[in-house]
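# Descriptive structure summary
Okay, here's what each chain looks like letter by letter:
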Amino acid sequence: MNLNDLKYLIVGAGFFGSVIAERIANELNRKVLIIDKRNHIGGNCYSENDSDTGIHYHKYGTHIFHTSNQKVWDYINQFTEFNSYRHQVLSTYKNKVYQMPINLKTINSFYNLNLKPFEVNDFLKSEISKEKISEPKNFEESAILLIGRPLYEAFIKGYTKKQWQKEPKNLPKSILKRLPFRKNYNDSYYFSKWQGIPLNGYTEIFNKLLNNKNIEQKLELDFFDIKDKITKETIVIYSGQLDKYFDYKFGKLEWRTLDFVKKTMQVDDNQGTAVMNFAEEEIPYTRIHEPKHLHPEKNYTKEKTIVFEEYSKPDDGNEPYYPVNDEKNKQLAAKYKEEAKKEKNLIIGGRLGHYSYYDMHQTIESALNVFEQIKKL
Ligand code: UDP
């Protein structure tokens, strides 16, 4: 590793950094150094086999690949095949299991009704008319205007408080856009044109992206330990935390992180689905993942299964997962982004670098677009 004549330094080996590394190495045929402070590549998409059961699992929570973007789909298919998994989520509320996203099945079982799709609007209207909200100002009001208070309080309020540790009225409306709502029986979580789980997991994709004689990888190397040694000529592509790059000079951005508690169960199937949400605030975890279900094509052991309870907590600066996109944080992030523009030879991106709630396909799309700019540098 010679930092003196380095043209491209990529910080972070998640999708943003790895896709750009691959493009520079293959298309430009230039040398690139990619570093990560963790002991593995893949960022939060990293996946591995459980040594005891052989079940492949996503270390940082279930990741479903989905996209309607042809360019992204064609690109990722050079590095993996996908299985036929289609994401479905269920939610447990007061010991009963419901469809999530909220659809007609959820509404009918929750209210013990048998509404037809064309009756849903009038039914919800009567629920919503009990409220005095005209123009929704925040997450809570938007949700109530969409589904009425009883469904909101059952399936959204407690879960959201656990996930963000904030009152839903202090959260932005934009989070609600992630949550589908259906007035029919469709139970697909995503409507993307393409969807699936990489047949051999995510880590294999990253191995293939980075397997190139032009790419040098250095793991367990913290960018901030070498920052001072980097010359002005090096183009730095940084996908770490936005605020950290600037040494928090305008203040700290808020992040959420997750803890996973793994349990091995001596049964074939513990919950019948890959992701089960738990709606009530009193249940400390937000969801339970059972990765066996992500690979219906594999012949896993029938003796055992593994599950992961997911707990949300504030990030102490080490393992950020989610930006807290409320007004205060959004403004602070915008200030840092302006600062980034002033620096020559610096490109910031990815979920952490953009302080944006990106899914994998959005990160890849953004990396491919950024590469077009890098070509011009
Ligand atoms: N959400 C909820 N109830 C659920 C699932 C999600 O209220 O059962 C809300 C919650 O505010 C959450 C947001 O929808 O933060 C986005 O959920 P998503 O499942 O997209 O989160 P991710 O998979 O990115 O962690």
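Just above sits the structure.
In this report, we go over the structure that sits alongside the text. (Residues numbered from 1 in each chain as written. Predicted model: local features only at pLDDT ≥ 70, side-chain atom pairs only at ≥ 80, totals over all residues. Heavy atoms only, no water.)

## Brief notes about the overall build of the chain
- When you go through the chain residue by residue, the secondary structure sums to 12 helices and 16 strands.
- Here the chain has a C-alpha radius of gyration of 22 Å; the compact-globule value for 377 residues is 21 Å, and the two agree.
- Seen through its principal axes, the chain has C-alpha atoms that stretch 70 × 50 × 35 Å.
- Each of the 377 residues in the chain was classed as buried or not, and the buried ones make up 56%.
- Across the chain, the fraction of contacts at a sequence separation of at least 24, relative to all contacts at a separation of at least 6, is 73%.
- Total accessible area computed for the chain in this model is approximately 17900 Å², and 46% of it derives from carbon and sulfur atoms. (Helix = DSSP H or I, 4+ residues; strand = E, 2+ residues; numbered from the N terminus. Rg over C-alpha atoms; globule rule 2.2 N^0.38 Å. Buried < 20%, exposed > 50% of the residue type's maximum accessible area, 1.4 Å probe, protein only. Contact = heavy atoms within 4.5 Å. Areas by Shrake-Rupley, 256 points an atom, 1.4 Å probe, with all protein chains shown as cover.)

## Here's the deal with the pairing of strand β6 (residues 89–93)
- Counting buried residues along β6, five of its five residues qualify, which places the element largely inside the surrounding structure.
- With burial as the criterion, each face of β6 is covered, one bearing V89, S91 and Y93 and the other bearing L90 and T92.
- Sheet topology places β6 next to strand β7 (residues 96–100); five bridges connect them, and they run antiparallel. When the sheet's bridge partners are listed, Y93 is paired in β7 with K96.
- In this antiparallel pair of consecutive strands, β6 and β7, the connection spans two residues, and K94 shows a positive phi of 45 degrees.
- Pairing between β6 and strand β12 (residues 275–278): four bridges, direction parallel. Across the sheet, residue V89 finds its bridge partner in β12, namely V275. (Pairing = 2+ DSSP bridges.)

## Points about the site of the ligand
- Around the ligand sit 16 residues in total, of which T160, W164, R287, Y322 and Y357 are the nearest.
- In the model, an oxygen atom of the ligand is placed 2.7 Å from a nitrogen or oxygen of the R287 side chain.
- Coverage of the ligand by the protein amounts to 92% of the 530 Å² it exposes when considered alone.
- It is helix α6 (residues 149–164) that contributes the most residues to the shell around the ligand, six residues altogether.
- Taken together, the residues that form the shell around the ligand break down as 11 nonpolar, three polar and two charged. (Near = heavy atom within 4 Å. Polar contact = N/O pair within 3.5 Å; in protein donor to acceptor, adjacent residues only side chain to side chain. Nonpolar A, V, L, I, M, F, W, Y, C, P; charged D, E, K, R; others polar.)

## Focus on the layout of surface pockets
- Empty space within the second largest pocket amounts to approximately 260 Å³.
- As for the second largest pocket, its lining consists of 13 residues, and the residues nearest its centre are I230, T231, V236, Y245 and E343.
- Considered class by class, the residues forming the lining of the second largest pocket number five nonpolar, three polar and five charged. (1 Å grid on protein atoms, 1.4 Å probe; cavity = no way out; pocket = protein on both sides within 12 Å on 5 of 7 lines; lining within 4 Å. Points joined across faces, edges and corners; volume = space filled by probe spheres on them.)

## Some points on the packing of helix α5 (residues 139–147) against α6
- At a closest axis distance of 8 Å, the pairing of α5 and α6 adopts a crossing angle of 145 degrees. Between α5 and α6 lies a crossing of right-handed hand. Where α5 approaches α6, its residues F139, E140, A143, I144 and I147 are matched on the opposing element by R149, L151, Y152, I156, K157 and T160.
- Across the contact of α5 with α6, the residue classes tally to seven nonpolar, one polar and three charged. (Axes fitted to C-alpha atoms, helices over the stretch in contact; angles between N-to-C directions. Left-handed = near helix turned anticlockwise from the far one by under 90°.)

## Quick notes on the pattern of salt bridges
- With the rule as written, the count across this model stands at 27 salt bridges.
- Between K166 and D326 there is a salt bridge, with the nearest N and O atoms lying 3.9 Å from each other. Taken together, the residues span a long stretch of sequence, with K166 in the loop between α6 and β8 (194–196) and D326 in the loop between β15 (322–323) and α10 (327–342) at a distance of 160 residues.
- In this structure, the salt-bridge partner of E338 is K341, at a minimum N-O distance of 2.9 Å. On the criterion of helical spacing, the pair formed by E338 and K341 is a turn pair, its members being three residues apart in helix α10.
- Residues joined in a network through salt bridges with shared partners are E22, R23, E27, E372 and K375. (Salt bridge = Lys/Arg side-chain N within 4 Å of Asp/Glu carboxyl O.)

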